[in-house]
Amino acid sequence: MIEDIFKTATPYILASIGGLFTELCGSLNIALEGQILIGAFWAIVVSNMTGSIVLGLLAAVAASSLLALITALFSFRFRANIFISGLAANLLAYGLVTVFSTILVKGGGVIRAETAIQGSSYFFTVFALLLLPLSWYVINYTPYGMRCRVAGLSEAVLYYRGISPDFYRYTALLISGVLCGIAGASLAARIGAFVPNISSGRGWIALVAIYLGYRKPQWVFLSCILFASAESLANWTQGFIGMPATVILALPYLITLSVLTIVSAVRKKTEQR
Amino acid sequence: MKKYFFYLIIFAAVYFTGCSAKTDSSGQAGEEPAGKGSASSSEAVSGKINIAVFIPGVTAGSPTYEMLVSGVQQAADENRETEVLVIEAGFNQGEWENKLTALAGTKNYKYIITSNPAMPEICSRVSKIYPEQKFIVLDGYLKGNNNIYTFLYNSYEQAYLIGVMGALVTGSDMKGADRNLKVGLIAGQEYPMMNNVIKPGFEKGLKSVNSAIEMDFRIVGNWYDASKGAELAGQMYNSGIDVILAIAGGAGQGVLSAAKDKGKYVLWFDNNGYSLSDGQVAGCSAIRQDKAAYEITKKAVSGTLPFGSADIAGVKEGYVYFVDDDPAFIKIVPEELRAKIKETEEMISKGAVKLEMPHF
C-alpha cells in the first residue's frame, strides 16, 4: 500500500518540485503537462531504438528540457506572457508526439517497451524521495536558491547588485524541464509502454501541489503524497463500497480541494492574530 | 492576477484529469469542418461510388478501427468503381457530430461507414439535416431509420465466453492462479453497454462454471490513464484476484504491466491480445469486425443492404469468437481448459446455451 502510494506520487513529486523552482523565481511554468508527455514518449522510443534505458532517460530529459527552453526563450527573450507560451508548449507537445509517433513508429498509438525499462521504476521513486532534502537544501541554503527566490520577489534587488534575474529564470525552467523529463520517463517505466495521453493531467495536479504546499518544498512534497494517497484510497474503496465508482473517482480531487480550503482558512486565521 | 490564475489552474486540473471524455456530443459549436472532406469534391461526378469511413477516434492503436478500415478497403479493392476515404475525428467526442455533419454536407459520399456504440444517435441527428445521406454503423444499434443500417456484435455472448475462461483460469492450477475464487473486471468507463450487457454477461459466464466465484468490477475513469490502470490492477491482484478482464483502451496497457509485475493473468476483449505481453494474456474473446466491414460494404455497393434494419450477430453467425489458435494461448493454458472453452463456444453456437442479449 505505502509502496503503491510512493510509486503513484513519484511523477507528481518530480514535476511539482521542478515547477516550484519556476514559481519561486516568479515565472511559473505551466507546461509541466506537455513536458511530462514528451519525456515519456522519448524515453520509450529512444530506449527501444538503442536498447539502452539510460539513453532513453537522457533523451527524455533532453526533449523535455528543450521544450522548457523554447518556453523560456519566448517568455524572456521575446517577452511573451509566460502563461500563454506555457499553454502553447503544452499543445505543441501533444502535436509533436503525434507527429513523431507516426514517423518513427509504425502505426503509432501504444508503443510497448522492448527493453527491461519496467524494472527500473524503483530508481525513479528513490530519486523522487532524494529530491526532497536536495531541493530543500538548494532552495533554502544555497546562493542559487536564494537568488532564485529574490528574482521572484523583487527583480530590482538583483539588478542593483549586478545580477541578471533572467539567468535564474532560464535555469529554473531548465530544472523543471529536466525533472519533468524524468517524471515522464518514470510514468513510462512503470507501465513499460508509452500510451497516448499518458500524462493524464499529472502536470496540472503538480501545479496545484505547488500552491497547496505554499511554495515550500517540504509541503509541496507532502501535498503530492496526500494526493497520491487519496488516489490510492479511491482505487481501494472501489472494491467494496457500494458507491457509484464515478463518485469515488472524484474523491482525490474533492479531498485535495477541501484540504486546500481548510489550510488556507486556518492560515488566514493565524495570520489575523 | 495571481489569484485568477490560481483558479485557472484548479479548473484546468479538474478539467483535464477528472471529468474526461464523457462529453455530450450535442451543442458544442464546431470550429473546423472535417478537413479532408471537401478535398475530393470533383470525384463525385465520375460515376464512382465514394465511401467515407468515419473513425470516431484515431485508427492507429485501435484494433477495432483498424479492422474496420481494412475490411472496407478490401471490399473496395475488389470493385473498381468504389473509392474509399478515411477520416479520423479524434478523441474529442464533442467534435464528432460537427465533423460528421461537415462530411455529410459535402454530398460526395454515397455511404458513410462508422463504428462505435455512440454513433447511431449522432448519425440520426445528422440524418435529419441531410436526409439523402446513407449511414452504416458497426458496433451500434438503431432500428427504424431508413437511412441508417446498424450491425451489432453480441457482446453478451462475447462477455459470457471470456467469463467462462476467467472462471476456468481462477479455478485451475496454472502457475499464476491462486486458491481464491475471485476474478476482476476493469473498464475504462461505465456506459450502458458495459453495465447492462458486458458486466452481466461476464458474471454469468463466471458463475456458469462455479457459482462461488466473485467478481470485482472497477473503472479507471477514462480510456487512456495507463498508470491508473496499473495501480487499480495492482491493488486487485494484491487482494487475491488472479485474473482480470481489461476493457479499458490504452489504460489496459497498465493492467498488462501490473500482471507482468505480479505474475498474474489478463483477459482481453475485441481483438487478439496475446502478442501484447509475455505470457500474461490467458484468453481473448474477439469480434470479426474486418469480416463484417467487408461483407457489409460489398452488400452496400451492390445495393442490397437493408437500410432501416439492425442486425445483431454473435458466435453462431461467426462474428464473435474465442481466439484459441494462438501459440501463446496454447503455450500457457493447459489442454483441458482449452478443450472446455472450445466446448462452450460450440454450445453457444448450437444454441445449447441460451444467451438472450439484454436490453441496453
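Calculation notes
- Residues numbered from 1 in each chain as written.
- Chains lettered and ligands numbered in written order.
- Predicted model: local features only at pLDDT ≥ 70, side-chain atom pairs only at ≥ 80, totals over all residues.
- Helix = DSSP H or I, 4+ residues; strand = E, 2+ residues; numbered from the N terminus.
- Rg over C-alpha atoms; globule rule 2.2 N^0.38 Å.
- Buried ≥ 20, exposed ≤ 12 C-beta atoms within 10 Å, placed from the backbone.
- Contact = placed C-beta atoms within 7 Å.
- Nonpolar A, V, L, I, M, F, W, Y, C, P; charged D, E, K, R; others polar.
- Expected span 1.5 Å × (residues − 1).
- Pairing = 2+ DSSP bridges.
- Axes fitted to C-alpha atoms, helices over the stretch in contact; angles between N-to-C directions.
- pLDDT = per-residue confidence, 0-100.
- Core = buried A, V, L, I, M, F, W, Y, C linked by C-beta atoms within 7 Å.
- Domains from an automatic or database assignment.
- Left-handed = near helix turned anticlockwise from the far one by under 90°.

Trainee: What should I look at first to understand the overall build of chain A in this one?
Mentor: Helix and strand content of chain A: twelve helices and two strands. Secondary structure elements in chain A, listed N-terminal to C-terminal, are α-α-α-α-β-α-α-α-α-β-α-α-α-α. Taking 2.2 N^0.38 as the reference for a compact globule, 273 residues should give roughly 19 Å; the C-alpha atoms of chain A span a radius of gyration of 19 Å, in line with that estimate. Within chain A, the proportion of its 273 residues that are buried is 52%. Restricting to contacts in chain A with at least 6 residues of sequence separation, those with at least 24 account for 77%.

Trainee: Can you help me understand the overall build of chain B in this one?
Mentor: Helix and strand content of chain B: eleven helices and twelve strands. When each of the 360 residues of chain B is scored for burial, the buried share is 49%. Considering only contacts within chain B whose residues lie at least 6 apart along the sequence, 71% involve residues at least 24 apart.

Trainee: I tried to follow the interface of chain A and chain B on my own but got confused; where do I start?
Mentor: One frequently used descriptor of interface size is the decrease in accessible area upon assembly of the parts. Each partner contributes residues to the interface: chain A has 34 residues there, and chain B has 33 residues. Of all the secondary structure elements, the ones that give two or more residues to the side of chain A that touches chain B are helix H1 (2-24), helix H8 (165-191), helix H9 (202-212), helix H10 (217-237) and helix H11 (245-249) of chain A. For the side of chain A that touches chain B, a count of residues per class yields 18 nonpolar, 14 polar and two charged.

Trainee: What's the story with helix H4 (residues 82-104) of chain A in this structure? I'm lost.
Mentor: All names here are of chain A. Taking 1.5 Å per residue, 23 residues should reach 33 Å; H4 reaches 31 Å between its end C-alpha atoms and fits that length. Within H4, burial applies to Ile82, Ser85, Gly86, Ala89, Asn90, Ala93, Val97 and Ser101. Where H4 is buried, its residues contact helix H2 (32-50), helix H3 (53-77) and strand S1 (111-112).

Trainee: Is there a simple way to think about the sheet that holds strand S3 (residues 111-115) of chain B in this case?
Mentor: Within a sheet, adjacent strands bond to each other through the backbone by hydrogen bonds, running parallel or antiparallel. All names here are of chain B. A sheet is described by the order of its strands in space; here six strands give the open sequence S2-S1-S3-S4-S5-S11, paired in parallel fashion. Unpaired on one side and paired on the other, strand S2 (82-88) and strand S11 (310-313) mark the two borders of the sheet. Between one strand and the next, the sheet's axes are offset by a mean angle of 15°, whatever the strand orientation. Bridge count for strand S4 (residues 134-138) against strand S5 (residues 148-153) is four bridges, and the pairing is parallel.

Trainee: Help me understand the confidence of the model for chain B in this model?
Mentor: Low pLDDT marks stretches whose predicted atomic positions should not be read closely. All names here are of chain B. Averaged over every residue, the pLDDT of chain B is 86; the share at 70 or more is 87%. Confidence drops under a pLDDT of 50 for residues 18-45, and excluding neighbours within four residues, the segment shows 43 contacts in the predicted structure. Confidence estimates for the predicted assembly give a pTM of 0.84 and an ipTM of 0.88.

Trainee: Looking at this model, I keep getting lost on the sheet that holds strand S7 (residues 214-219) of chain B. Mind explaining?
Mentor: Residue and element names in this part refer to chain B. The mixed open sheet is built from six strands, whose spatial order is S7-S6-S8-S9-S10-S12. Whereas interior strands pair on both sides, the edge strands pair on one side only; in this sheet they are S7 and strand S12 (320-322). Ignoring which end each strand starts from, the neighbouring axes of this sheet average 20° apart. As judged from the six bridges shared by strand S6 (residues 182-187) and S7, these two strands associate in the parallel manner. Across the sheet, glycine 184 pairs through a bridge with aspartate 216, a residue of S7.

Trainee: Explain the confidence of the model for chain A to me, please; I cannot follow it from the model alone.
Mentor: Confidence along chain A averages 90 in pLDDT terms, with 99% of residues attaining 70 or more. Between the elements of chain A, mean pLDDT differs from a low of 81, seen in H11(A), to a high of 96, seen in H2(A).

Trainee: What is the right way to read the environment of A:Val220 from this model?
Mentor: Residues and elements named next belong to chain A. Within the fold, valine 220 resides in helix H10. Overall, the presence of 27 C-beta atoms within 10 Å leaves valine 220 in the buried class. Residues valine 220 and tryptophan 236, spaced 16 residues apart in sequence, show a C-alpha to C-alpha distance of 24 Å. Excluding anything up to four places from it in sequence, valine 220 contacts Ser16, Ile17, Leu20, Ala209, Ile210 and Gly213.

Trainee: So what exactly am I meant to see when it comes to the nonpolar core here?
Mentor: Most often, soluble globular proteins have nonpolar side chains that are buried together. Counting 189 residues, the largest nonpolar core has A:Ala40, A:Ala188, B:Val53, B:Ile244 and B:Val266 as its most contacted members. For this core, the element with the most residues is H8(A), which contributes 15 residues. Here this core spans two domains, and each of domain 1 (26-153) and domain 2 (155-287 + 317-350) of chain B adds at least three residues to it. Setting aside chain neighbours within four positions, we find B:Val53 in contact with B:Leu68, B:Val69, B:Val72, B:Val84, B:Val86, B:Ile87 and B:Ile113.

Trainee: Would you mind showing me how to read the packing of helix H5 (residues 121-141) of chain A against H8(A) here?
Mentor: Think of two packed helices as two axes; the pair is described by the angle between the axes and how far apart they sit. All names here are of chain A. Close contact between H5 and H8 brings their axes to 8 Å; oriented N to C, the two are set at 145°. Like other packed secondary-structure pairs, H5 and H8 cross with a definite hand, here left-handed. Along the contact surface, H5 presents Ser121, Phe124 and Phe127, while H8 presents Ile182, Ser186, Ala189 and Arg190. In terms of residue class, the contact of H5 with H8 is built from four nonpolar, two polar and one charged.

Trainee: What exactly am I supposed to notice about the domain arrangement of chain B here?
Mentor: Residue and element names in this part refer to chain B. For chain B, the assigned domains are domain 1 (26-153) and domain 2 (155-287 + 317-350). Look at where the C-alpha atoms of domain 1 and domain 2 centre, and you get two points 32 Å apart. At the junction of the two partners, domain 1 supplies four residues and domain 2 supplies eight residues. The residue makeup of the side of domain 1 that touches domain 2, split by class, is three nonpolar, one polar and no charged.

Trainee: Where do I start with unusual backbone geometry in this structure?
Mentor: Notably, A:Arg215 is not glycine yet its phi reads approximately 60°, a positive angle. Turning to its location among the elements, A:Arg215 is positioned in the loop between H9 and H10. Positive phi is not limited to glycine here, since B:Asp139 has a value of about 60°. Turning to its location among the elements, B:Asp139 is positioned in the loop between S4 and S5.

Trainee: How should the pairing of S3(B) be read in this particular structure?
Mentor: Across a regular strand the side chains alternate sides, sitting on one face of the sheet and then on the other. Residue and element names in this part refer to chain B. Where burial is concerned, most of S3 is hidden: five out of the five residues are buried. Neither face of S3 is left uncovered, since the one carrying Tyr111, Ile113 and Ser115 and the one carrying Ile112 and Thr114 both have all their residues buried. With four bridges connecting them, strand S1 (residues 49-55) and S3 associate as parallel partners. Bridge assignment links isoleucine 51 to a residue of S3, and that residue is tyrosine 111. Taken together, the five bridges between S3 and S4 define a ladder with parallel strand orientation. Opposite isoleucine 112, over in S4, you have phenylalanine 135 as the bridge partner.

Trainee: Please clarify how the pairing of strand S10 (residues 281-287) of chain B should be interpreted in this entry.
Mentor: Residue and element names in this part refer to chain B. Judged by how many residues are buried, S10 sits mostly within the fold: seven of seven residues are covered. Where strand S9 (residues 265-270) and S10 come together, four bridges link them in parallel fashion. Bridging from a neighbouring strand, phenylalanine 269 pairs with serine 285 of S10. Relative to S12, S10 runs antiparallel, the two sharing three bridges. Directly across from serine 285, in S12, lies its bridge partner phenylalanine 322.

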